[in-house]
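Coordinate inspection notes
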Amino acid sequence: MAYMLPTEQWFALQDLYINNGGDGWFWRTPYSSFGYPWNFSDPNATPCSSSEPWQGLACTSDCASDPCEHLDLSFNDLSGQLPQSFWTLRGLSYADLSFNDLTGPLSEAISGLISVQKLILKENHFTSTIPPSIGSLPTIEDLDLSVNHLSGPLPSAIGQLRSLLTMDVSGNHLHLSLPQSICNLSSLSTLTLNYNAFTGRIPSCLGDMAALTSVVAFKNRLTGTIPPELGQLQRLSHFDVSTNQLTGAIPSALGNATNITVALWKENYLHGSVPASLSRWSMVDSVDLSSNLLTGVFPPFICQWIGIQSLGLADNRLTGTLPNDVDCLQALQFFTVSGNLFHGTVPAGFGSIPNLQSIDLTSNALTGTIPDELWLQGELENVALGFNSLTGTVSPTIGQLQTLLHLNLAGNHLHGTVPPSLSNCSFLSSLRFDDNALTGTTPASLSDLASMADVDLSHNLFTGTLAPEFGEIALLLYFDLSFNDLTGTLPAAFANAHIVAGLYLTNNHFDGTVPSAFANMAYVRDLVLSDNLLTGTIPAALLGLKYVEVLNLGGNELVGSIPTAKMANLHRLQSLVLSSNRLTGTLPAPLFAHSSLRVVLLASNCFSGGVEASVCAAVALEQLILDGLHSAPTCEQRALPWDRSSGVVVRHGVGGTIPACLFAMPQLRVLHLGGNSFSGRLPPDVSTQSGLRELVLAGNRLTGTVPQGVWMSANLRDVDLSLNRLQGTLPATALQALAQAASAANDTDGNGTATMVRLQNNQFSGAVPSTLWRLANVTVLEGNLFACNRARSDIPAHDPDYDAYSCGSDATNAALITFTVATALSLCLLSVAWATPRLWLAQFYAETRPPSGVYASVETSVWAYDRWTRELLAAVVVGGLALYSALSVVAPTYDVQFVWSVSGIYLQGTWAAVGLWLFWWALAAWSTWRLCEPFAHGDAPSSASAPLSSSASAPSPSPSPSSAAASTALRHRLVNATFVVVNVVVVGGINAAYVSAVQAGFPAGVLLFLSFLLSVFKMLWNYALMGGWDGGVAGSLGTTLSDATVVSLCLFNNLVAPFLAELLVSPSCFLYVVSQAPALHFSYTSSAENHIFDFQDYSYTVVVDSSVAVVPPFHYSYQCSSALLADYAYVFVFRYLLSGVVEPMVVWGLYVYDGPQLFQRALRPLLPLLWKLQDNAAAALETLAQTGGVAAGDTDGLVEAYAQFDESLAALERGVLGRAHRLRQKWVSRMVTDASMLLGFGAVFPPLAVVIGVSMCKDTLDLRLSLGRLQGIVARHALYVQRWEAAQARLGRASALFGGAATTATTVAASWSYTDDDVAAGLRQQWARLQTVQQRVVGEELAALDAVVRRGIWHGLCLSVCIWAFVLFDTAAATGGDTASAWVVVTMVASPHVVWAALWLWARRGAGDGRGGWSSSSSRATPKTPVAAATVEDGAVELTPLPAPSATLPSL
């Protein structure tokens, strides 16, 4: 029988068929059972025919009204939007369109379905909001709109559906809070809201909906507490609000809902303890309170839940012990309490629960052993006891648990071996014994477990070789034996595990080659063989595995290049780790052609070439780690090949420029290029929105400024640009996003440690941005030139160099200020007391005698030297300051120069080098010309070769020295050699220690004190060596230092030692050539996902935290010369302030206090002897006159007095000669030292030249006074000659008076060894010797002075031009390169020699043609002849003593 449809219904169904793809609908067969396809082409078709009914339709018997009451088109492939006519099917009571592809919004016309009772539209693609007109469906009982794309709020009109029994809107995008009108649904029994975005609180009025049996609202954003009113719902059996944001304690009132069977509240923020009132849930079947903040102990009432099958309390903060009577839960099947703080032992009662299938106690603090009862339970499938503190061994009884599927005992303290009985667990598919202390060999018996899919035995102490039987496990997917002590070769049998997806053998001791058979693991996804001892090359077929995603061969000893033959097959490769090997060749371009590539780690190998732009073809690249591409031990080239501790140099490393496209890669997050030799500038157009989070470019040769995109990056968290030559200033808001991230990482004080900033050892200047002040992990000060205030509050407080950092250019600024203040003070004192020095000089010369003879000639040299000093000082100060100020404007090294315009350092560029070169060349030429013009005597110039001649260094030796003189000369040479060695060791060591202290990061006050101590040491050391207050150390050994020694020590101590110490000890110079530089540590993380088929069916990621220690190759910073001046500025200023200001004030004070007697103390010992001699002579004569005879005892005093007087005169002669020699050495040491310092350092830093000039003026005055003292001491010998002649006359008168009457007198006179005539002759001979010493020896000592000084200054000039050349090289090579700048070194060093050669040729030419010029004849110095009473050998003086008087007189 057929029923005809009304026309309106017919056309509504026709519209549905046409609009929603009826021709493609899916029709079930056989038609006779399910109905026939819809057919609108036949006008006689009857959808409600009893013989051929249409599928999905059911009709009523009333043909006149609305016969279509049931429509079921689920799973019929409907698509498109529902036609408006569909909503006019008013007689429709059941409509099911679920599991189709319907789209578009739900129409407001939905209210036309006035008879619908069940409306099921789930699993479609409806969009927009739920129309409020849905509240006009008065008869609806079941509403299912789940799994669509509906959005917006749940309309309040929903509360009008009073007949509604079930409502399911899960799996949409509904948001906002639930409407209060929902509580009007008094008949509602099931409310399903899960998988939406509902917010707000759970309406407490739900407690008034007495018909509710199920409330499911998990996976939303509900907040607030669980309403206690829900405890009124006596019919409530299923309550699931998991994965929301609910807070507060669990209401005790919920215990009143005694019919609850399922309570799932996991993944919220519930706190407090589990209320005891829940014990009334006598019918409860499943409780899951995992992942909350619950505290307290395990619920003590648990045994009252006698029917519970699943209990989950994981990931809370529960404490205490697990109940020993847990076996009261006889219905229990699943027990999960992982991630709590339970302690105690594992209850043996678990073994008595008959239906227990799964137990998870991981991540607690359980101790003790695993009870054997657990392995006897018989039904357990999943046992997870990992990450506790369980001890003991794995019991062999585990083999009786034959139902076991998944076993997790990882992260405990188990020891012993893996029991062979485990192979009896034939269904075991997942085994985790990792992170224990298991020993023995790998259990080959596990290969008998045919169902084994996942084996993790990593982080144990397994030894021996890897059993090849593991490769025979047919279903093996993941195998992890990493971090053990396995040895031997890798078994090729693993190639038989065709479906293996992950093989992890990292951190063992496997050797040999990588088996080429591994290429047969066609489905391998993760192959991790890193950190072993594998050698050989990488098999080409290994890089052709088309399913491989992670390939990690890092940390081995692989050689050769990366094979590219089959690299095109790597379509799925995501991570390639080949770091820490010995690979060579260039980076393969085909590697980066794969769009799937995300991680590339090639650090620490022996690659060469550069990084090409082809790297940027890997558009999905996230990590690019290329640190130390040419730094593996096999390709390290040491600066000193015989010394493995010396620095590393690179000759064939990775260099060139960094491709700009790297900074534009859309997915790149980590870029490491540190420890290479990249040069050039960074690309200027780096985007501030670049995704880079880590940027490491340390240890390269990068120059120029840092792009603004780096400073203002919104994503950077780690920045390391250290050890380059980057310049510029930092913007005020540099790295602001990084600082904000650091503050967010540590809300307590903002000193977040999740970020890192390294900018040290560059050429940055200006102010440190405030964004970096409070960072905890920041190093930016060392080697840069940042300014700061007095309180140091505007530099990073956590920087390691915070205390020792010299703000800005304070290293020389403060020294400059110190010099200025001290100089001004000294000038004031001299101007006030100028009359006193004049009186002092007048008095001194009145007591002695005006200079005459050789003394006047030497004084002429002094004044000539003083004139040369003043000319040089004027040229340095006036010309230098003007030039340096001009060049610092156009060619600065730092954007903010502070006061460096007063110095020749910190300039860069060719023009700056040319300007300095011209100025210093002129100084060298002028100094050479003046040195070739003699100072002394006012004579015509001597030979141009005089400054270089060694013949003028000392008086000529005696042609025939005696054996005593030869012994003296040998002793002299040994003492000089010893002094040189000791001096080099002591002075060099102290200077090296000082530079080390400067680099060690001591506070600024400590460094200032050390600078002062070093300056005091330098001054006192020179006094001790070269004759100062106490005659010098050499004098105390009975000899003197030669001129060559004096000159060498002066130049070494003041020029060479600081220069060498800075060169060899300062990191800014060549410390990392003679010693290995500190390694740059680069850390990074690579990962491989491992899927575990255990009872939780979860994946975990194998994270490999790796680090590379790259010894950076030596890259010269071109800041060595500036470091030399900065480190020694205080020392030099202190040294010359002490010498030029403090010392003369002390000497002046002593003279004012003690007067001229200071100059007579050397002669005072002779006066008492002279008076004693006269008194004894008078007494003897008086006795002779009175008695006519002289007793023997009366003449003893006379003889003794005469002998002592004679010896004192000899000592005085030696003293005069020694004083002359020490005067010459003092003159040489001071003139050579001061002139060399003025040339070497004063020409570079003019303020220091002024300090040296003040000291040189003082030295000139002091030397003139010393010359006068020497002349005065010699002159005083005439006084003693006159007094002896008076005594002789007195003796003669006495003889004449008593001569005729006293025969005894004649006897006495005849018996004397020394008669009156002998005494007179002896005294005259002594005086003649003294005159000879004065005229010959002293004259020769002083006459040689001029040539020695000029020769010493010449060598000082040669060393000074080396310092200038070094500064010039730093200036030119910083921008022009090393090779192109070599000219400044060669031409600067050669400058004085070129000028000398020109002068010498001119002198020869003038002598040859008679037109003047300098004479080529020998020096016009007074010819040197041997002195009868003195022998001079290479500066050592030995006097021949006079014959001594007889020791006794004959008896009368």
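It should be emphasised that the depicted structure is a prediction, and the values quoted were computed from it without experimental measurement.

Right, let's talk about the side chain of Asn605 for a bit. In this structure, Asn605 sits in the loop between β35 (599–601) and β36 (609–610). With near-sequence residues (within four places) excluded, Asn605 lies in contact with Leu578, Ser579, Ser580, Asn581, Arg582, Leu583, Gly628, Leu629, His630, Ser631, Ala632 and Cys635.

The next point concerns the pairing of strand β48 (residues 763–767). When you tally the buried positions in β48, you get 4 out of 5 residues, the bulk of the element. Of the pairings in the sheet, the one linking β48 to strand β50 (residues 785–787) comprises 3 bridges and is parallel in character. Bridged to Ala767 within β50 is Ala787.

With that settled, the discussion passes to the packing of aromatic side chains. Tallied over the entire structure, the rule returns 48 aromatic pairs. Among the aromatic residues, those joined into a cluster by ring pairs are Trp10, Tyr17, Trp25, Trp27, Trp38, Phe40 and Trp54. Positioned above the aromatic ring of Tyr802, the side-chain terminus of Arg792 is 5.5 Å from the ring centre. Above the ring of Tyr1136, the side-chain terminus of Arg1135 is found at 4.9 Å from the ring centroid.

Moving on, we get to the sheet that holds strand β5 (residues 101–105). With parallel pairing, the 3 strands of this open sheet are ordered in space as β3-β5-β7. Single-partner strands in this sheet number two, and they are β3 (79–81) and β7 (125–127). Shown here is a sheet whose adjacent strand axes are inclined to one another by a mean of 10°, direction ignored. When β5 meets β7, the two strands line up parallel, connected through 3 bridges. Residue pairing across strands places Thr103 opposite His125, the latter belonging to β7.

Attention shifts here to the nonpolar core. Within the largest apolar cluster, 227 residues are counted, with the highest numbers of intra-cluster contacts made by Trp38, Trp265 and Leu407. Secondary structure elements with two or more residues in this core: α1 (7–19), β2 (68–72), α3 (372–375), α4 (708–711) and α5 (736–745). Counting residues per element, this core draws most heavily on α1, which supplies 5 residues.

Attention shifts here to the state of the cysteines. Such a bond, covalent and formed between the sulfur atoms of two cysteines, is termed a disulfide. A complete count under the given rule lists 5 disulfides for this structure. The disulfide partner of Cys303 is Cys328, and the gap between their sulfur atoms is 1.9 Å. One quick way to see it: the torsion about the S-S bond of Cys303 and Cys328 is about -85°, and its sign makes the bridge left-handed. On the criterion of sequence distance, the pair formed by Cys303 in the loop between β20 (293–294) and β21 (310–312) and Cys328 in the loop between β21 and β22 (334–336) is long-range, its members being 25 residues apart. Since its relative accessible area comes to 25%, Cys303 is described here as partly exposed.

What follows concerns unusual backbone geometry. For the bond from Thr29 to Pro30, the omega torsion is 0°, close enough to zero to count as cis. Looking at the element boundaries, Pro30 is found in the loop between α1 and α2 (31–34). Of note, Ser363 is a non-glycine position whose phi angle comes to about 60°, a positive value. Along the chain, the position of Ser363 falls in the loop between β23 (358–360) and α3. The residue Ser580 is not glycine, and still its phi comes out positive at about 55°.

About the thresholds
Residues numbered from 1 in each chain as written. Predicted model: local features only at pLDDT ≥ 70, side-chain atom pairs only at ≥ 80, totals over all residues. Heavy atoms only, no water. Helix = DSSP H or I, 4+ residues; strand = E, 2+ residues; numbered from the N terminus. Contact = heavy atoms within 4.5 Å. Buried < 20%, exposed > 50% of the residue type's maximum accessible area, 1.4 Å probe, protein only. Pairing = 2+ DSSP bridges. Phe/Tyr/Trp six-rings, centres within 6.5 Å; stacked < 30°, edge-to-face > 60°. Lys NZ or Arg CZ within 6 Å of the ring centre and 35° of its normal. Axes fitted to C-alpha atoms, helices over the stretch in contact; angles between N-to-C directions. Core = buried A, V, L, I, M, F, W, Y, C linked by side-chain atoms within 4.5 Å. Disulfide = S-S within 2.5 Å.

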